[in-house]
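Summary of the model geometry
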Amino acid sequence: MNTAFSTNMRIKLPAAAAFLEIVIVVLFGVFVRYTPEDPSGVADQHLYPFFQDVHVMIFIGFGFLMTFLKKYGFSSVGINMLIAALGLQWGALMQGFWHMRANTIHLGMKSIINADFSTATVLISFGAVLGRTSPLQMLIMTIFEITIFSCNEHLVVNVFGASDTGASMTIHAFGAYFGLAASRLLYRPGLKNGHENEGSTYHSDMFAMIGTLFLWLFWPSFNSAIAAPGNQQTAIINTYFSLAACTLTAFALSSLVEKRGKLDMVHIQNATLAGGVAVGSCADMEIQPFGAMLIGSIAGIISVLGFKYLTPIVASFLRIQDTCGVHNLHGLPGILGGIGSIIAAAVLVNHQISAGMQAAALGCSVGIALVGGAFTGWILSLPFLGQPPDQNCYDDSVYWEIPVEEEGQSNNPDLKEDHNKFNLDA
């Protein structure tokens, strides 16, 4: 197949985006209505600040966290926005179908928070395949993943009756292993030794740190948004201290594992967030602040060690290319969160949950993610979906118009053309 044609999005992307939006509008018109007004006029209004925080995390936090690649900033933020815009609409439908009344989906404040949550799952998976996929592929992944995610969430919450308020299992572990399974099916032997663009610069790492700070600041809202009103304060406090302990541990271990004792920005951008992931499943349980801090500290250790030692092993032996290290930020801490909830249930911190059901929830979340991710990865590997050739991975110029910043090039059309050109030889 002609590579120049395969990466040209002029027809394929507009057609796919328009088709999906038309289908969604029709489905909304048939099934979706507002939630009937509460007579008091204050139903769920207390959730709006939580929604604002989660929304910022989705569009700014996740987007800027992935801008560390030196030539992939446009795609990191831009495709993140594309995925989120599609995902929140599709998520509202897919989750709403499980809670229909009289063949109608009623949307309220909690519905749009949950829609954002479903979108977060895809954005985590996006991190695993970042730089090696096309916008069209990501639209397809969004549809498949949110559909499968909503089924797993229904199984975990409504069938098993498991507790996963901060979604360590249903969002973080699920999103990570879904993305890793898809990445395995999209494996590129030509990139096994790395790529010249698969790295950062001083300024790209600064932009990524902006994403880290937004996520860090608003994570207590993420973990408490859908908690029962009486448990929201507990979830906020547990997440607050878990993040703080995780950050201190991540800084300490990052310095310890580097030969000259210097800090690694990859660890600081990612491992400092692992505490928020790990405490999610038991965020609203009375594990006491010291318990949350213990979970956060362990998460920080696991995440830093994962980035330092496990990622190269996974790439070499399992042939899984994980661009953002989602296994270390979301996968392993997500499993830790599930294990933490099993222990909390076993020692009767919460008498209403079962350790067995918590274990079943963790197992099915990871299992369904691996199977669903592998199937979706197989679909995404079809050759006409616009994926870039190996030599043009991690490069915005494949799908974006790149401005010429140098004054000397601004009046030279030949140099401008060269700046936006990418190698089309497969």
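Reading the values: the criteria
- Residues numbered from 1 in each chain as written.
- Predicted model: local features only at pLDDT ≥ 70, side-chain atom pairs only at ≥ 80, totals over all residues.
- Heavy atoms only, no water.
- Patch = residues over 30% accessible without salt bridge, like charges linked within 9 Å, V, L, I, M, F, W, Y side chains within 5 Å.
- Areas by Shrake-Rupley, 256 points an atom, 1.4 Å probe, with all protein chains shown as cover.
- Salt bridge = Lys/Arg side-chain N within 4 Å of Asp/Glu carboxyl O.
- Helix = DSSP H or I, 4+ residues; strand = E, 2+ residues; numbered from the N terminus.
- Buried < 20%, exposed > 50% of the residue type's maximum accessible area, 1.4 Å probe, protein only.
- Core = buried A, V, L, I, M, F, W, Y, C linked by side-chain atoms within 4.5 Å.
- Contact = heavy atoms within 4.5 Å.
- pLDDT = per-residue confidence, 0-100.
- Phe/Tyr/Trp six-rings, centres within 6.5 Å; stacked < 30°, edge-to-face > 60°.
- Lys NZ or Arg CZ within 6 Å of the ring centre and 35° of its normal.
- Axes fitted to C-alpha atoms, helices over the stretch in contact; angles between N-to-C directions.
- Parallel < 35°, antiparallel > 145°, perpendicular 65-115°, else oblique.
- Left-handed = near helix turned anticlockwise from the far one by under 90°.
- Expected span 1.5 Å × (residues − 1).
- Arc of directions from axis to C-beta.

On the surface, a cluster of nonpolar side chains totalling about 350 Å² of accessible area is made up of I237, Y240, F241 and M293. Ranked by residues supplied to the nonpolar patch, first place goes to helix α9 (residues 232-257) with 3 residues. Tracing the backbone through its elements, the reader meets I237 in helix α9.

Next up on the list: unusual backbone geometry. Its identity is not glycine, yet A167 carries a phi of approximately 60°, on the positive side. As for its position among the elements, A167 is in the loop between α6 (135-159) and α7 (168-185). Overall, the relative accessible area of 5% leaves A167 in the buried class.

On to the nonpolar core. L130, M141, I171, W219 and F222 are the most contacted members of the largest nonpolar core, which has 81 residues in total. Ignoring anything within four residues of it in the chain, the contact list for W219 reads M57, H172, T239, L243, L273, G276 and V277. By size, the runner-up hydrophobic cluster in this structure holds 14 residues, among which are C282, M285, A345 and I353.

This next bit is on the confidence of the model for the protein. Confidence along the protein averages 91 in pLDDT terms, with 92% of residues attaining 70 or more. Counting interchain partners and residues more than four positions distant, the pLDDT-below-50 stretch residues 1-5 has 8 contacts. Confidence drops under pLDDT 50 across residues 406-426; counting only partners more than four residues distant or on other chains, this segment forms 26 contacts.

What follows covers the packing of aromatic side chains. The tally for this structure, following the rule as stated, stands at 12 aromatic pairs. Summarising the aromatic geometry, the rings of F117 and F222 are spaced 4.6 Å apart at their centres and angled 55° between planes, so their arrangement reads as tilted. Here F117 is found in helix α5 (residues 109-129), whereas its partner F222 is found in helix α8 (residues 202-224), with 105 residues between them in sequence. Assigned by exposure class, F117 and F222 land together as buried. Following the ring pairs from residue to residue traces out a cluster consisting of F117, W219 and F222. Lying over the aromatic face of Y187, R184 brings its terminal NZ or CZ to 5.9 Å of the ring centre.

Looking at where A278 falls in the secondary structure, it is placed in helix α11 (residues 274-278). For the pair A278 and S397, spaced 119 residues apart in the sequence, the C-alpha separation amounts to 37 Å. Apart from the residues lying within four places of it in its own chain, the contact partners of A278 are S168, I295, A299, P333, L336 and G337.

Counting through the fold element by element, Q89 comes out in helix α4 (residues 73-97). In this structure, the C-alpha to C-alpha distance between Q89 and V77, residues 12 residues apart in sequence, is 19 Å. Ignoring sequence-local partners within four residues, the contact set of Q89 consists of E21, I24 and F28.

Here the focus is the packing of helix α3 (residues 48-65) against α8. Relative to each other, α3 and α8 sit at 150°, their axes nearing to 8 Å. Between α3 and α8, the interaxial angle falls into the category roughly antiparallel. Between α3 and α8 lies a crossing whose hand is left-handed. Contacts from F50, D53, V54, V56, M57, I60, G61, F62, F64 and L65 of α3 reach α8 at F207, A208, G211, T212, F214, L215, F218, W219, S221, F222 and S224.

To continue, consider helix α2 (residues 12-31). Look at α2: 28 Å from first C-alpha to last across 20 residues, which is about the 28 Å you get at 1.5 Å a residue. Every buried residue belonging to α2 is among K12, A16, L20 and I24, and all of these are buried. Mapping the buried residues of α2 onto a view down its axis gives an arc of 80°, with all of them on the same face.

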